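Here is what each chain is made of, one letter per residue.
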Amino acid sequence: MNQERLASMLAQIKDISEMMVDLAYSALIYGSEEIADHVLEMEETIDKLHIEFELAALELRETRPAKGLLGSIRLAMAAEQLGDAACLMAGIVKKGARAHPVVQMAMEKAEETIVATAIAEDSVLGGKSLGQLGLEDDIGMRIIAVKRGENWTYNPQDSFILNPRDLIIVRGYTEGREKLLNLANPMRIDE
């Protein structure tokens, strides 16, 4: 096992735990047991990856400084614990709990928000890749998940092409929320 592979595993653990937290908040805010199920499924992935990471780090103990490896192991453990916390939120949703109006008010006052919306047939988002759209640069919003039919894509790459009727979950600055909703559904302006 080399350092590059170890770094890649650590990055995966971090990315998965961040996605789990984002999706768990989404599940709670929107009362979506389906999203909660995906968070719970991701728990198996992160747990397995975390164990593989720790074993790989231990393989390097003879050739790398122990303090550096210990720091990496602790960082991976912290990320895995974030995933565990996300699962607790998802579990609450699975038990039927829904966000209290205070949670909704808090989300409105927060600097960042999570939005779920469908892409309308006449949306400028349809048929374009995420890279072409540049939503994160232009309006401070990043698509973290896309549901197409029954399938979910998490943390889609810049090459991912959006289609009309895709459900997108987006995270970003509250200032970009309305712009995003209007891009996804131009008729919404007339409502």
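Just so we're clear, the structure is a prediction, and the values are computed from it rather than from any experiment.

The rules behind these values
- Residues numbered from 1 in each chain as written.
- Predicted model: local features only at pLDDT ≥ 70, side-chain atom pairs only at ≥ 80, totals over all residues.
- Heavy atoms only, no water.
- Pairing = 2+ DSSP bridges.
- Helix = DSSP H or I, 4+ residues; strand = E, 2+ residues; numbered from the N terminus.
- Axes fitted to C-alpha atoms, helices over the stretch in contact; angles between N-to-C directions.
- Contact = heavy atoms within 4.5 Å.
- Parallel < 35°, antiparallel > 145°, perpendicular 65-115°, else oblique.
- Left-handed = near helix turned anticlockwise from the far one by under 90°.
- Nonpolar A, V, L, I, M, F, W, Y, C, P; charged D, E, K, R; others polar.
- Buried < 20%, exposed > 50% of the residue type's maximum accessible area, 1.4 Å probe, protein only.
- 1 Å grid on protein atoms, 1.4 Å probe; cavity = no way out; pocket = protein on both sides within 12 Å on 5 of 7 lines; lining within 4 Å.
- Points joined across faces, edges and corners; volume = space filled by probe spheres on them.
- Salt bridge = Lys/Arg side-chain N within 4 Å of Asp/Glu carboxyl O.
- Patch = residues over 30% accessible without salt bridge, like charges linked within 9 Å, V, L, I, M, F, W, Y side chains within 5 Å.
- Areas by Shrake-Rupley, 256 points an atom, 1.4 Å probe, with all protein chains shown as cover.
- Lys, Arg positive; Asp, Glu negative; His and termini not counted.
- Charge placed at Lys NZ, Arg CZ, Asp CG, Glu CD.
- Phe/Tyr/Trp six-rings, centres within 6.5 Å; stacked < 30°, edge-to-face > 60°.

Trainee: Could you clarify how one ought to interpret the sheet that holds strand S3 (residues 151-154) in this entry?
Mentor: Strand pairing in a sheet is mediated by backbone hydrogen bonds. Such pairs are either parallel or antiparallel. Strand order in the open sheet made by the 4 strands is S1-S4-S2-S3, with antiparallel pairing throughout. At either margin of the open sheet sits one strand with a lone partner, and together these are strand S1 (112-118) and S3. Averaged over all neighbouring strand pairs, the angle between strand axes comes to 20 degrees, with direction disregarded. The pairing of strand S2 (residues 141-148) with S3 spans 4 bridges and is classified as antiparallel. Counterpart to Arg148 in the pairing with S3 is Asn151. Contacting S1, S2, S3 and strand S4 (167-173), helix H1 (residues 3-30) crosses the sheet at an angle of about 70 degrees to S1. Contacts from helix H7 (residues 177-184) reach S1, S2 and S4, with the element oriented near 10 degrees to S1.

Trainee: What should I look at first to understand the packing of H1 against helix H3 (residues 66-94) in this one?
Mentor: Helices that pack against each other are described as a pair by the angle of their axes relative to one another and the distance between those axes. Two elements in contact, H1 and H3, have axes separated by 8 Å at closest approach and are oriented at 20 degrees. Classified by the angle their axes make, H1 and H3 are roughly parallel. Between H1 and H3 lies a crossing whose hand is left-handed. Together, Leu6, Leu10, Ile13, Lys14, Ser17, Met20, Val21, Ala24, Tyr25, Ala27 and Leu28 of H1 and Leu69, Ser72, Leu75, Ala76, Ala79, Glu80, Leu82, Gly83, Ala86, Cys87, Met89 and Val93 of H3 make up the contact between the two elements. Partitioned by chemical class, the residues of the contact of H1 with H3 number 18 nonpolar, 3 polar and 2 charged.

Trainee: I keep staring at unusual backbone geometry and nothing clicks. Help me out?
Mentor: Only a minority of non-glycine residues have a phi that is not negative, and only a minority of peptide bonds are not trans. Positioned with a positive phi, Asn155 is a non-glycine residue whose angle comes to about 50 degrees. You can see Asn155 is positioned in the loop between S3 and S4. Taking relative accessible area as the criterion, Asn155 reaches 31% and is therefore assigned partly exposed. We note that Arg165 has phi near 80 degrees; this positive angle belongs to a residue other than glycine.

Trainee: Explanation requested: the layout of surface pockets in the structure shown.
Mentor: Picture a little ball the size of a water molecule; that probe, rolled over the atoms, points out where space is still empty. Its boundaries defined by the atoms lining it, the largest pocket holds a volume of some 290 Å³. Considering the residues around the largest pocket, the lining is formed by 13 residues, among which Leu130, Glu136, Arg142, Pro156 and Asp158 are closest to the centre. Among the elements of the structure, helix H5 (130-133), helix H6 (135-139) and S2 are those that each provide at least two residues to the lining of the largest pocket. Residue composition of the lining of the largest pocket, by class: 5 nonpolar, 4 polar and 4 charged.

Trainee: Is there a simple way to explain the pattern of salt bridges in this structure?
Mentor: Close approach of charged atoms lets side chains of opposite charge pair. Applying the stated criterion to the full structure yields 12 salt bridges. A salt bridge links Asp22 to Arg171, with the nearest nitrogen and oxygen atoms 3.0 Å apart. Within this pair, whereas Asp22 is found in helix H1, its partner Arg171 is found in strand S4, the two being separated by 149 residues in sequence. When its relative accessible area of 6% is taken as the criterion, Asp22 is described as buried. With a closest N to O distance of 3.3 Å, Arg98 and Glu33 form a salt bridge. Linking Arg98 in the loop between H3 and helix H4 (101-109) with Glu33 in helix H2 (residues 33-59), this pair joins segments that are 65 residues apart in sequence.

Trainee: Sorry if this is basic, but what is going on with a negative patch on the surface here?
Mentor: A cluster of like negative charges, contributed by Glu136, Asp137, Asp138 and Asp158, occupies part of the molecular surface. Overall, Asp138 belongs to the exposed group, its relative accessible area being 60%.

Trainee: What should I look at first to understand a nonpolar patch on the surface in this one?
Mentor: Nonpolar side chains collect at one region of the surface, where Ile51, Leu55 and Leu58 lie side by side and expose about 290 Å² of accessible area between them. Its place among the elements puts Leu58 in helix H2.

Trainee: Explain the packing of aromatic side chains to me, please; I cannot follow it from the model alone.
Mentor: Evaluated as defined, the whole model comprises 1 aromatic pair. A centroid spacing of 6.0 Å and a plane angle of 0 degrees characterise the contact between Trp152 and Tyr154, whose relative ring orientation is stacked. Exposure remark for Trp152: the relative accessible area of 13% places this residue in the buried category.

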